[in-house]
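# Chains, contacts and geometry: an overview
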Amino acid sequence: MTQRLWSDFVSELEPYVPGEQPRIDNLVKLNTNENPYGPSPQVAEAIKAALGDELRLYPPPNADRLKQAIADYHQVAVNQVFVGNGSDEVLAHTFNGLFRHGKPLLFPDITYSFYPVYCGLYEIEGCEIPLTDNFEIAVDDYLVPNGGIIFPNPNAPTGRLLSLDSIASLLRRNSDSVVCVDEAYIDFGGESAISLVDAFDNLLVIQTLSKSRSLAGLRLGFAIGHPTLIEALERIKNSFNSYPVSRLAIAGGVAAFADEDYFQKTCTAVIASRVTLVDAFEKLGFEVIPSAANFVLARHPDYKGEYLMSALRERNIIVRHFGAERIEQFLRITVGTPQQNTLLLAALKDIIV
Ligand SMILES: *Cc1c(COP(=O)(O)O)cnc(C)c1O
């Protein structure tokens, strides 16, 4: 009944629906692309060290230590770095600050489903550009008048990677729009477009610590781009919440970037697991889209995606199925540990007779 107190605007919003986070023992959770390995042990130590009297103080509003760690790691200047409470927040500020130009924002028809949600929130017209039949981004299709371009690389939920050459060509031919590359999965097999930020003042690269650094629960994301783009994000942030990144998150984030060995080791393990998984899926008759991410999109010619998802669920394994056009036959499966892969494959062998 209290809905009568809502504004028309809130009534018409279509919010994002996150993958479920059930609390079930021994669940093989392969539905939200979390890292199967925990964060670096140094992260917990740093967070423990930050627990104490200092928590009564607001965090440094510019999260300077974290920005510096990210700038050093990626070899850019501090004024080329923006940090936020998860990359979803960084994306929100990007939509709000850099994409509201009264012209359509271009993104792939099959992509991260938060983009259309932010279009709704910030009253931006979204324009879906179809992927090719092989689920590839064709940069030539992005030459229409636009108020910005955004896509994940590797794309989600396809896992397909776009080359840096293609990204450079897109940037060159859209020099009056911000082109945002959402690199949530780049550490699992791609080359970051951060190397292009000095050459293109219209490029904004967004990354997260949720996937490759296994810190989805800490909520940290960042953007790297020309100082003017970063300044736009700072203006939005300081008009919204001046302390979005907590003291504990700053401490944990800095520690995560310091432990390069752990980072390399866990990324390599995930990539090795993906190779094994793709091979086994193909032997079971699945068609697998080539993935550079920590998940694969796959379909079986004889079984509907929705059916396989429920059959797996009965066996305590959860994967993601999207009802969207063109991919309703597919399952998106997060790459787990070798043990989780074994359980998944045994279950599938049991289901597929
Ligand atoms: C997971 C994901 C994000 C969100 O990451 P957070 O930092 O956890 O908010 C952003 N973009 C894509 C494509 C993702 O898959």
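Sequence order as written defines the numbering, with residues in each chain counted from 1. A pLDDT threshold of at least 70 governs which residues receive local features in this predicted model, and a stricter bar of 80 or more applies before side-chain atom pairs are shown or counted, although totals over entire chains, interfaces and linings include all residues. Note: side-chain values were computed over all heavy atoms of the structure, leaving out hydrogens and water.

So, about the sheet that holds strand β6 (residues 179-182). Across a sheet, paired strands are connected by hydrogen bonds in the backbone, their directions being either parallel or antiparallel. Ordered by their spatial adjacency, seven strands build an open sheet running β2-β8-β7-β6-β5-β3-β4, and the pairing between neighbours is mixed. Each edge of the open sheet carries a strand with a single partner, namely β2 (81-84) and β4 (126-129). Across the sheet, the mean angle from the axis of one strand to that of its neighbour is 20°, orientation sign disregarded. For two strands to pair, DSSP has to find at least two bridges joining them. Segments assigned H or I by DSSP are reported as helices when at least four residues long, segments assigned E as strands when at least two residues long, and all are numbered from the N terminus. Here four bridges tie β6 to strand β7 (residues 203-208), and the two strands are oriented parallel to one another. Bridge pairing in β7 links Cys180 to Leu204. Strands β2, β7 and β8 (221-225) of the sheet are contacted by helix α7 (residues 227-237), whose axis makes an angle of about 30° with β2. Lines fitted to C-alpha atoms define the axes here, with helix axes fitted over just the stretch in contact, and angles between the N-to-C directions of these axes take values from 0 to 180 degrees. Contact definition: two residues touch when any of their heavy atoms are within 4.5 Å.

Bringing the domain arrangement of the chain into the picture now. Segmentation into domains, and thus their bounds, comes from an automatic or database assignment. In terms of domain boundaries, the chain breaks down into domain 1 (18-38 + 261-351) and domain 2 (41-258). Computed over C-alpha atoms, the centres of domain 1 and domain 2 are 25 Å apart. Between domain 1 and domain 2, the residue contacts involve 25 residues of the former and 26 residues of the latter. Taken together, both faces of the contact between domain 1 and domain 2 bury some 2,000 Å²; the carbon and sulfur share is 63%. Buried area counts how much accessible surface, traced with a 1.4 Å probe, disappears from two parts once they are put together, with both parts' losses summed. Looking at the side of domain 1 facing domain 2, the largest losses of area belong to Phe263, Ala292 and Arg326, adding up to 32% of the total buried there. Each reported salt bridge corresponds to a side-chain nitrogen of Lys or Arg within 4 Å of a carboxyl oxygen of Asp or Glu. Joining domain 1 to domain 2, the criterion identifies one salt bridge. For Asp109, the salt bridge is made with Arg326, and the minimal N-O distance between the two is 2.7 Å.

Let us now look at the pattern of salt bridges. Going through the model one piece at a time under the given rule, you end up with eleven salt bridges. The partner of Asp140 in a salt bridge is Arg173, with the nearest N and O atoms 2.9 Å apart. Separated by 33 residues along the polypeptide, Asp140 in the loop between β4 and β5 (148-152) and Arg173 in helix α6 (residues 164-173) bring together distant segments of the chain. Each residue is placed in one exposure class: buried if its accessible area under a 1.4 Å probe, protein chains only, is under 20% of its type's maximum, exposed if it is over 50%, and partly exposed if it falls in between. Exposure remark for Asp140: the relative accessible area of 52% places this residue in the exposed category.

On to the pairing of β2. In the case of a regular strand, side chains alternate between the two sheet surfaces. Burial along β2 is two-sided: Val81 and Val83 facing one way and Phe82 and Gly84 facing the other are all buried. Where β2 and β8 come together, four bridges link them in antiparallel fashion. By the bridge assignment for β8, Gly84 is matched with Gly221.

For the rest of this paragraph, the subject is the site of the ligand. Proximity is defined per residue: if any heavy atom of the residue lies within 4 Å of a molecule or strand, that residue is considered near it. Neighbouring the ligand are 13 residues; Ser87, Tyr185, Thr208, Ser210 and Lys211 lie closest to it. Each polar contact in these results corresponds to two N or O atoms within 3.5 Å; when the atoms are within protein, one needs to be able to donate a hydrogen and the other to accept it, and residues that are neighboring in sequence are counted only if both atoms are side-chain atoms. With respect to the ligand, the backbone of Ser87 contributes an N or O atom lying 2.6 Å from an oxygen atom. Contacts to the ligand include Lys211, whose side-chain N or O atom sits 3.0 Å from an oxygen atom. A 1.4 Å probe and the Shrake-Rupley method give the accessible areas. Residues count as covered only by the protein chains that appear here. For the ligand, the accessible surface in isolation is 390 Å², of which the surrounding protein chains cover 93%. Here the element with the most residues in the shell around the ligand is helix α4 (residues 87-98); it accounts for three residues. We call Asp, Glu, Lys and Arg charged. Ala, Val, Leu, Ile, Met, Phe, Trp, Tyr, Cys and Pro are nonpolar, and the rest, Gly among them, are polar. Partitioned by chemical class, the residues of the shell around the ligand number five nonpolar, four polar and four charged.

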